[in-house]
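A look at the structure
Residue-level listing of the chains:
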Amino acid sequence: MKNTFLDTTAANTKSVQIKRQILHRYMLSGGESIADLSRELGLSVPTVTKIVSELISEDFVCDLGKQGASGGRRPSIYGLNPSAGYFVGVDIKRDTLDIGIVNFGGDMIASHRYDFAVENTRQSFDELCAQIDTFIASTKIPREKVLSTGVNLSGRVNPETGYSYSCFFFDEKPLTMVLEEKLGCPICIENDSRAMTYGEYMYGVGNNEQNMIFLNVSWGFGIGMILDGKLYYGKSGFSGEYGHFPFFDNEIICRCGKRGCLETEVSGWAAHRHFIEKLEQGNISMLSKRYQSGAQITLEDILDAVSKEDVLAIEVMEEVGANLGRAIAGLINMFNPEVVVLGGTLSAAKDYLLLPIKSAISKYSLNLVSKDTAIKVSKLNEKAGLVGICAIARSKILGL
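Quick look at the structure, then. (Residues numbered from 1 in each chain as written. Predicted model: local features only at pLDDT ≥ 70, side-chain atom pairs only at ≥ 80, totals over all residues. Heavy atoms only, no water.)

**A short note on the sheet that holds strand β14 (residues 374-377)**
Where we set the bar: Should DSSP find at least two bridges between two strands, the strands are regarded as paired. Strands are runs of DSSP state E lasting at least 2 residues, helices are runs of H or I lasting at least 4, and numbering of each runs from the N terminus. Residues are treated as being in contact if the distance between any of their heavy atoms lies within 4.5 Å. Interaxial angle, 0 to 180 degrees, is taken between N-to-C directions of lines fitted to C-alpha atoms, where a helix line uses only the stretch in contact.
Strands sit in the order β12-β11-β10-β13-β14 across an open sheet of five strands; the sheet is mixed. The two strands at the open ends of the sheet, each matched to only one other strand, are β12 (230-231) and β14. Strand direction decides the pairing type here: strand β11 (residues 221-227) and β12, joined by two bridges, are antiparallel. Note on β12: the bridge partner recorded for L227 is K230. The sheet strands contacting helix α11 (residues 351-364) are β13 (339-343) and β14, and the helix crosses β14 at an angle near 165°.

Below, the structure is given as structure tokens:
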């Protein structure tokens, strides 16, 4: 297969731009006739026929057969060739590593979760590369068919330059370059919240809305934004660090080193801290005996207690939800989005988090601004990051 889209010398030619437009249409629609494509792109039928024929010869597009109503001449429908290439996505979480692979059509064909404690060390980096290698080998897909690998990281990540400043920042070279040398294929990196945003936008409850805000309320807190139908990155690629907005006068030192950040009261870390503090003060919970025995209590334990209607765990989630709702009200007043999506680990608390959020939004937002904003819980849940980074890897390699 001649990989037109990796040929940077041809990247700006008119035919390549049209090819990318056609592939983008196929990504969104699943397949279209020549006539429909011609009409949508504003190009002549002969031009579109020629470009589609080239894409077929390059193995990117295939004939999906004749479709349509019975009677009359049914047109041939063309779409993406699923076996044209594959894209690997790597979603690094706090204690686990999710790796998946999608075909050219965007279908997830394999995924696996590994235990992985991420550390900013060479040893942790080498282990990450080894796990990715192991996963790709397990799929039996030839390496030359892997067109790109995308990697999610939390914190400050600049996808444009390829540098990560929060993790694996121990080399003068961009992290993307170091990973490419290790894995032997094009690499893109992304902030985890933005990848989750893109996943939910393309395949979840985002429903391709033009303006969407995604809240990643996990151990930390970050957001991703779709503005005018595109992921918003900011000048240096560091947009979305809302968790480090100076929101509280609580003198609690955040993980970033500053005091009073939003994350100190709105995050899994905050929920865990408050729950343990309340147990220390003698409050009763179904986890009290476990705490008194000296056993570790995890955030997952607290969320499980919420699902079992533990009063103390619910009280903590409601406190976090009230603070989060107040913060969301500010975002709504500022961006006036069509939808705000609640995702990340704490979204598992569902209504116990969502109801105080909506109550606080009603109290603190401008009614005229917020009345058209839907508040939804993530559809993809813990898969949002993996789905998103696979989609981003595919989009970037095609220049979309």
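**Observations concerning the pattern of salt bridges**
Note the cut-off: Any Lys or Arg side-chain nitrogen found within 4 Å of a carboxyl oxygen on Asp or Glu counts as a salt bridge. For each residue, the accessible area found with a 1.4 Å probe, counting protein chains only, is set against the maximum for its type, and the residue is called buried under 20%, exposed over 50%, and partly exposed in between.
Enumeration over the complete set of coordinates arrives at 24 salt bridges. The partner of K308 in a salt bridge is D304, with the nearest N and O atoms 3.0 Å apart. Under the relative-accessibility criterion, D304 is labelled partly exposed at 33%. Taken together, the shared-partner salt bridges connect K19, K50, E54 and E58 into one network.

**Looking at the nonpolar core**
Let me state the cut-off plainly: Put simply, a nonpolar core is a bunch of buried Ala, Val, Leu, Ile, Met, Phe, Trp, Tyr and Cys residues held in one set by side-chain atoms that sit within 4.5 Å of each other.
In terms of nonpolar packing, the biggest core is built from 45 residues, with L215, F221, F275, L324 and L346 touching the most fellow members. Only β10 (212-217), β11, α7 (268-280), α9 (299-307), α10 (311-335), β13 and α11 provide two or more residues apiece to this core. For this core, the element with the most residues is α10, which contributes eleven residues. Discounting chain neighbours no more than four positions away, the residues touching L215 are F221, G222, I223, L324, I328, L331, V340, V341, L342, G343 and G344. L23, A84, M202 and I226 belong to the second-largest nonpolar core, a separate cluster that totals 44 residues.

**What about a nonpolar patch on the surface?**
Here is the rule we go by: Patch members must show over 30% relative accessible area and no salt bridge, and they are joined within 9 Å when carrying like charges or within 5 Å when they are nonpolar side chains of Val, Leu, Ile, Met, Phe, Trp or Tyr. In this description, accessible areas are obtained by the Shrake-Rupley approach with a 1.4 Å probe, and a residue is regarded as covered only by the protein chains that are shown.
On the surface, a cluster of nonpolar side chains totalling about 270 Å² of accessible area is made up of Y165, F169 and F238. Tracing the chain through its elements places Y165 in the loop between β8 (163-164) and α5 (175-183). Residue Y165 is classed as partly exposed on the basis of its relative accessible area, which comes to 37%.

**Quick notes on the sheet that holds strand β5 (residues 108-115)**
Ordered by their spatial adjacency, five strands build an open sheet running β5-β4-β3-β6-β9, and the pairing between neighbours is mixed. At either end of the open sheet lies a strand with only one pairing partner, and these are β5 and β9 (187-191). Taken pair by pair, the neighbouring strands of this sheet meet at an average axis angle of 15°, ignoring direction. Here helix α13 (residues 384-397) sits on the sheet and contacts β3 (86-92), β4 (96-103), β5, β6 (146-153) and β9; the angle it forms with β3, its principal contact strand, is near 140°.

**Things to note about helix α4 (residues 122-139)**
Stated precisely, the cut-off is as follows: By this rule, a helix spans an expected 1.5 Å times one less than how many residues it contains. Comment: arc refers to directions from the helix axis out to C-beta atoms.
The end-to-end C-alpha distance of α4 is 26 Å, a good match for the 26 Å that 18 residues give at a rise of 1.5 Å each. For α4, the full list of buried residues reads S124, F125, L128, C129, Q131, I132, F135, I136 and T139. All buried residues of α4 project into a common sector of 155° when viewed along the axis, lining one side. Phi turns positive, to about 65°, at K140, one or two residues after α4.

**A short note on the packing of helix α2 (residues 34-41) against helix α3 (residues 45-57)**
Heads up, the condition is: Working definition: roughly parallel below 35 degrees, roughly antiparallel above 145 degrees, roughly perpendicular at 65 to 115 degrees, and oblique for all remaining angles. Each crossing gets its hand from how the near helix is turned against the far one by less than a right angle, where anticlockwise is left-handed and clockwise is right-handed.
Here α2 crosses α3 at 115°, and the two axes come no closer than 9 Å. Classified by the angle their axes make, α2 and α3 are roughly perpendicular. In the packing of α2 onto α3, the handedness of the crossing is right-handed. Here I34, L37 and S38 of α2 lie close against α3, whose contacting residues are V45, V48, T49 and V52.

**A short note on unusual backbone geometry**
Of note, F168 is a non-glycine position whose phi angle comes to about 60°, a positive value. Position of F168 among the secondary structure elements: in the loop between β8 and α5. Positioned with a positive phi, D228 is a non-glycine residue whose angle comes to about 55°. Along the chain, D228 falls in the loop between β11 and β12. Residue class for D228 comes out exposed when judged on its relative accessible area of 62%.

**Some details on the pairing of β6**
Taking burial as the measure, the eight residues of β6 include eight buried ones, the bulk of the element. Taken together, the six bridges between β3 and β6 define a ladder with parallel strand orientation. Looking across to β6, one finds that D91 is bridged to N152. When β6 meets β9, the two strands line up parallel, connected through five bridges. Each residue of the ladder has a partner; that of L153, found in β9, is N191.

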